[in-house]
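# Descriptive structure summary
Here are the chains, one letter per residue:
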Amino acid sequence: MAARRADCGWKRHISDQLKLRDRVQRHTFEQIVQQYNRLLEKSDLQTVLTERYQTEKYDVPRGHEASSMDSSRSDSLHQEMSQMRIRHQEELTELHKKRGELAQTVIELNNQIQQKDREIQSNEARMLEYQQQIAGLEGDCRDLRNNLQELEMANQTLKDEYDALQITFSALEEKLRKTSEDNQELVSRWMAEKALEANRLNAENEKDTRRRQAKLQKDLADAAKEPLPIEQDDDIEVLAEDGGKGAGETSPNRPISRTLSRKTSQQPQGGLLDSISNIFGRRRSANSLGTSPETTETPSGGCAEVRVPTTALHVFEAHDGEVNTVRFSPGSRLLATGGMDRRVKLWEVISGRCEAKGALTGSNAGITSIDFDSAGSYLLAASNDFASRIWTMDDYRLRHTLTGHSGKVLSARFLLDNARIVSGSYDRTLKLWDLRSKVCMKTVFAGSSCNDIVCTEQCVMSGHFDKKVRFWDIRAESIVREMELQGRVTSLDLNHDRSELLTCSRDDVLKIIDLRSNAIRQTFSAQGFKCGADWTRVTFSPDGSYVAGGSADGALYVWNVLTGKLDRTLDRNHSSAINSVSWSPSGTYVASVEKGSRAILWSDM
């Protein structure tokens, strides 16, 4: 209906325009035609008068001959005719002039009419084209209206589905909150039960110690009453049967009472440590005790002597560019460094100097973390190319490449069984890998970028960008607990018996967390100490008596764990921020690397 009205409208408009043009142009032509008709009438009159004058001209001589009396009248008539002819000639000339002008005007008007006709035809063609375009646009508009209706219906459907999903999500979130509260309550109850169990074991051990001491005193009193002397060989044999390995530590020349008291004083302490080991999973499996020719370190807690560094023994260029990480081998004979030049370099420590021994290649980006297995036979390195790699130390060959992360791998560690490793990445996940099958066994979403990892047999501790330290149960793939610090966590390290955790964070503070009581035992800071990066690594000394860390100003800081005070500061050799520090398992050396290309070997010699 609207289209029909539109068609009638433009047709009526064209008709009105044509009628208006006809009226205007007809009015103009009417004047021209009237003037032209008057000219024609005057021309006809002129022709009649001319013929009459000619006739009279010829008739006058004849009348003059016929009658001389009319001569005077003829002269006057002749003069009058001459004047009239002159006047009519002028009028005729003027009429011819106007006729020419009117003819030129008619020609111009005809040209204008033709031009207007052409313009009308062009406008009509354009109007037809516009009509076609309007029809097409109206069709498109109808299609768009239909699509809009369909989209509105689909949007309403999606909105309904979203509302339903939101309700479901709220219910699941509430369920998750309740489950987390229940889990936290169970963990708290579990920890309380473990604490009660530890107290009960301590009480039983104390009772057993008292009972043994009483029995020992009675046996000594009975032995003192005996008149016969005791052979030394017999004493040693009896101690070997009763004390096992503990008797092997006792000299044959020492008295019996001193040897027995040592044996009895060690047993309760061992029982307490065993109970704590059961809680945190620190006991190693049988296959983790394998040795290699490189492994010469003493057992845990058996470090002969820890030397607090005072002197830079060897300053050397370690890599072409920034050095990110450093680590001593378990035997303290090798030093491994990793840098942004995509290589792991091995250095042999000989007489206070680091001699280049080889380089491990295969990484496609900078090295971020290094770890040795407990035997020193394998080296694990994490890289910025989203992968971790394992090399064998006897031939420096690349054995495994573990890929699966979608971000930089910032830390990777061997578990105590040496058959599995755990890696933490910038993609906010932790992955557990089985080296026998070379596959990822588990992936855990941590919720924040993981900067460092340390491991026990069944527990993984990870430090994150969101300022939290998370404790994971490997078997359950769940968080046992978490602890929030005051800054982004950059480094984690365990002491020799894995009962204390050392942390470093971007608030420029080092802290020791007691894993048995879940409490912060000690806090370290110093004037001028500043954590230089999100991957700044700090370390325990092998006996746990000291902690060492590097500052953004290139100074090495060493704190005494017992007093909590700064022991010394070494600030004369590094030229840029220290990225990582490692203390040799033998306790003799400390190595530090910087954002430049330099590495330094420290000791007190």
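The structure contained in this document is the topic of the report that follows. (Residues numbered from 1 in each chain as written. Predicted model: local features only at pLDDT ≥ 70, side-chain atom pairs only at ≥ 80, totals over all residues. Heavy atoms only, no water.)

## Description of the sheet that holds strand S1 (residues 311-317)
- Overall, antiparallel pairing links the four strands, which are arranged S1-S28-S27-S26 in an open sheet. The open sheet has two edge strands with one neighbour each: S1 and strand S26 (578-583). Neighbour-to-neighbour, the strand axes of this sheet turn through a mean angle of 20 degrees, independent of strand direction. (Pairing = 2+ DSSP bridges. Helix = DSSP H or I, 4+ residues; strand = E, 2+ residues; numbered from the N terminus. Axes fitted to C-alpha atoms, helices over the stretch in contact; angles between N-to-C directions.)

## Some remarks on the sheet that holds strand S11 (residues 420-425)
- Overall, antiparallel pairing links the four strands, which are arranged S10-S11-S12-S13 in an open sheet. On the outer flanks of this sheet lie strand S10 (409-414) and strand S13 (439-445), each paired with one strand and no other. On average, adjacent strands in this sheet sit at an angle of 20 degrees to one another, irrespective of strand direction.

## Regarding empty space enclosed by the protein
- One pass over the structure, following the stated rule, counts two cavities of 30 Å³ or more.
- One number sums up the size of the largest cavity: a volume of about 140 Å³.
- Contributing to the lining of the largest cavity are 13 residues, with Val422, Leu432, Val444, Val460 and Ile474 lying nearest its centre.
- Only strand S12 (429-434), S13 and strand S16 (468-473) provide two or more residues apiece to the lining of the largest cavity. (1 Å grid on protein atoms, 1.4 Å probe; cavity = no way out; pocket = protein on both sides within 12 Å on 5 of 7 lines; lining within 4 Å. Points joined across faces, edges and corners; volume = space filled by probe spheres on them.)

## Let's talk about the pairing of strand S3 (residues 334-339)
- Within S3, six of the six residues are buried, which leaves it mostly tucked inside the rest of the structure.
- Taking every second residue as pointing to the same face, both faces of S3 are buried, with Leu334, Ala336 and Gly338 on one and Leu335, Thr337 and Gly339 on the other.
- As paired strands, strand S2 (residues 323-328) and S3 are joined by five bridges and run antiparallel to one another. Considered in S3, the bridge of valine 326 is made with threonine 337.
- Between S2 and S3, which pair antiparallel in sequence order, lie five residues; one of them, serine 332, sits at a positive phi of approximately 70 degrees.
- As paired elements, S3 and strand S4 (residues 344-350) share five bridges and run antiparallel to each other. Each bridged residue has a counterpart across the sheet, and for leucine 335 the counterpart in S4 is tryptophan 347.
- Following S3, the chain reverses through four residues before pairing antiparallel with S4; arginine 342 in that reversal takes a positive phi of roughly 70 degrees. (Buried < 20%, exposed > 50% of the residue type's maximum accessible area, 1.4 Å probe, protein only.)

## Focus on the pattern of salt bridges
- Enumeration according to the criterion identifies 27 salt bridges in this entry.
- Glutamate 204 is paired through a salt bridge with arginine 200; the nearest N and O atoms lie 3.0 Å apart. Of this pair, glutamate 204 and arginine 200 both sit in helix H2 (residues 71-225), separated by four residues, roughly a single helical turn.
- The class of glutamate 204 is partly exposed, set by a relative accessible area of 41%.
- Through salt bridges that share partners, Asp466, Lys468, Arg470 and Glu482 make up one connected network. (Salt bridge = Lys/Arg side-chain N within 4 Å of Asp/Glu carboxyl O.)

## Comments concerning the nonpolar core
- With 16 residues, the main nonpolar core has Met461, Val469, Phe471, Leu492 and Leu501 as its most contacted residues.
- Of all the elements in the fold, those that place two or more residues in this core are H2, strand S15 (459-464), S16, strand S17 (478-484) and strand S18 (489-494).
- Not counting residues up to four positions away in its chain, the partners in contact with methionine 461 are Asp452, Ile453, Val454, Thr456, Arg470, Phe471, Leu492, Leu494, Leu501 and Leu515.
- One finds Ala526, Cys531, Phe540 and Val547 within the second-largest nonpolar core, a separate group that totals 15 residues. (Core = buried A, V, L, I, M, F, W, Y, C linked by side-chain atoms within 4.5 Å. Contact = heavy atoms within 4.5 Å.)

Honestly, it's all geometry; don't read function into it.
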